[in-house]
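Survey of secondary and tertiary structure
Okay, here's what each chain looks like letter by letter:
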Amino acid sequence: MMDILRNVGIAALAIIFLGAGLTFLTASVVVPAAARELEKECLELAPDLWREYQTKLEPGETIDQRPDLMQEVGQKLQPLLDAKLARSMGQGQNVAQSTTNVDRTDVIDTSDTVIDVSAVTSLLNTCLNS
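Just so we're clear, the structure is a prediction, and the values are computed from it rather than from any experiment.

**What to know about the overall build of the protein chain**
Each helix and strand counted, the protein chain has 4 helices and 2 strands in total. The N-to-C order of helical and strand elements in the protein chain reads α-α-α-β-β-α. For the protein chain, with 130 residues in total, the buried portion stands at 26%. For the protein chain, contacts bridging at least 24 residues in sequence account for 45% of all contacts bridging at least 6.

**Section: the nonpolar core**
Of all hydrophobic cores here, the largest spans 15 residues; its most connected members are Cys 42, Leu 49, Ile 63, Met 70 and Val 73. It is helix α1 (residues 2-45) that provides the largest number of residues to this core, a total of 5 residues. Once residues lying within four places of it in the same chain are set aside, the contact partners of Val 73 are Leu 38, Cys 42, Leu 49 and Tyr 53.

**Section: the packing of aromatic side chains**
Counted according to the given criterion, the structure contains 0 aromatic pairs. Against the face of Tyr 53 rests Lys 56, its NZ or CZ located 4.2 Å from the ring centre.

**With respect to the confidence of the model for the protein chain**
Confidence in the prediction for the protein chain averages 78 pLDDT; 70% of positions are at 70 or higher. The secondary-structure element of the protein chain with the lowest mean pLDDT is strand β1 (residues 107-109), recorded at 51, while helix α2 (residues 47-54) shows the highest, at 91.

**As for α2**
Here α2 has its buried residues at Leu 49, Trp 50 and Tyr 53. Viewed along the axis of α2, the buried residues span an arc of 100°, placing them on a single side of the element. If you follow the buried residues of α2, they end up packed against α1 and α3 (67-88).

**Details of the pattern of salt bridges**
This structure, assessed with the given rule, holds 9 salt bridges. Across the pair Glu 72 and Lys 56 runs a salt bridge, and its minimum N-O distance is 4.0 Å. Highlighted residues: Glu 72 in helix α3 and Lys 56 in the loop between α2 and α3, separated in sequence by 16 residues. A residue is classified by how much of its surface remains accessible, and Glu 72, at 32% relative accessible area, is partly exposed. On the basis of relative accessible area, Lys 56 is assigned to the partly exposed category, the value being 36%. The shortest N-O distance in the salt bridge between Arg 66 and Glu 61 comes to 3.6 Å.

What counts, and at which threshold
Residues numbered from 1 in each chain as written. Predicted model: local features only at pLDDT ≥ 70, side-chain atom pairs only at ≥ 80, totals over all residues. Heavy atoms only, no water. Helix = DSSP H or I, 4+ residues; strand = E, 2+ residues; numbered from the N terminus. Buried < 20%, exposed > 50% of the residue type's maximum accessible area, 1.4 Å probe, protein only. Contact = heavy atoms within 4.5 Å. Core = buried A, V, L, I, M, F, W, Y, C linked by side-chain atoms within 4.5 Å. Phe/Tyr/Trp six-rings, centres within 6.5 Å; stacked < 30°, edge-to-face > 60°. Lys NZ or Arg CZ within 6 Å of the ring centre and 35° of its normal. pLDDT = per-residue confidence, 0-100. Arc of directions from axis to C-beta. Salt bridge = Lys/Arg side-chain N within 4 Å of Asp/Glu carboxyl O.

Structure follows, in structure tokens:
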């Protein structure tokens, strides 16, 4: 009986350390990488939007320290990213303005092919919400 309790305790401790490690990894690697990518895309597609959000930061503060601002920028940038993706596929259609998928911003309607980008959107939102 004591062996079972000891093993359960060790397993619980391992799960706690795993959670702490994943949290550290997210905070120190994933969020800064997402912030750099967000900055790159925003400067390319909407430089004025990036400047607007830079003014909302306190002196010495970076966007990766403000996940709320990262999420706002990401939400405003999403239609521009969708349009860029559609253009890069040679279709030139803007997802946000597609008449066939008005309610579905996670689908790009290229008339011939429908591409579901919900997984990419979900991953971006996960990074921004972390």
